Amino acid sequence: MSGPLATEITQRLNAAFAPVRLDVINDSSSHAGHMGDDGTGESHFTVVIESAAFAGVNRVMRQRMVNQALGDIPGQRVHALAIRAFAPGEAA
């Protein structure tokens, strides 16, 4: 089940990139009790996103684009965010 932060991540990325694939995976349970675990159950995420917006854009810029779309979420409201961003037709 998605929590409020996962839902917000999904909404922001859908609005910014109109992805053909978007997986927001909550990895927090794997990090319970570790540094960065704030007890909310929404501290660590993996995002897998496929969008035409990433065509011709290098990996570092894709990461920056996703972080910018998420605003204050990475680093402030989420301890860790892994991003796998692809253009359509690229291997995920």
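An account of the accompanying structure is given in this report.

Cut-off values and rules
Residues numbered from 1 in each chain as written. Predicted model: local features only at pLDDT ≥ 70, side-chain atom pairs only at ≥ 80, totals over all residues. Heavy atoms only, no water. Helix = DSSP H or I, 4+ residues; strand = E, 2+ residues; numbered from the N terminus. Pairing = 2+ DSSP bridges. Axes fitted to C-alpha atoms, helices over the stretch in contact; angles between N-to-C directions. Contact = heavy atoms within 4.5 Å.

## Topic: unusual backbone geometry
- Of note, the phi angle at A18 is positive, near 40°, even though the residue is not glycine.
- Structurally, the position occupied by A18 is in the loop between α1 (4-17) and β1 (21-26).

## A word on the sheet that holds β1
- Overall, mixed pairing links the three strands, which are arranged β1-β2-β3 in an open sheet. Sheet topology places β1 and β3 (80-86) at the edges, where each strand pairs with a single neighbour. Direction aside, neighbouring strands of the sheet carry axes that sit 10° apart on average.
- In this sheet, β3 lies alongside strand β2 (residues 44-50) in parallel orientation, the contact comprising seven bridges. Pairing of V47 across the sheet is with I83, part of β3.
- Strand contacts of helix α2 (residues 59-70): β2 and β3, with the helix running at about 125° to β3, the strand carrying the most contacts.

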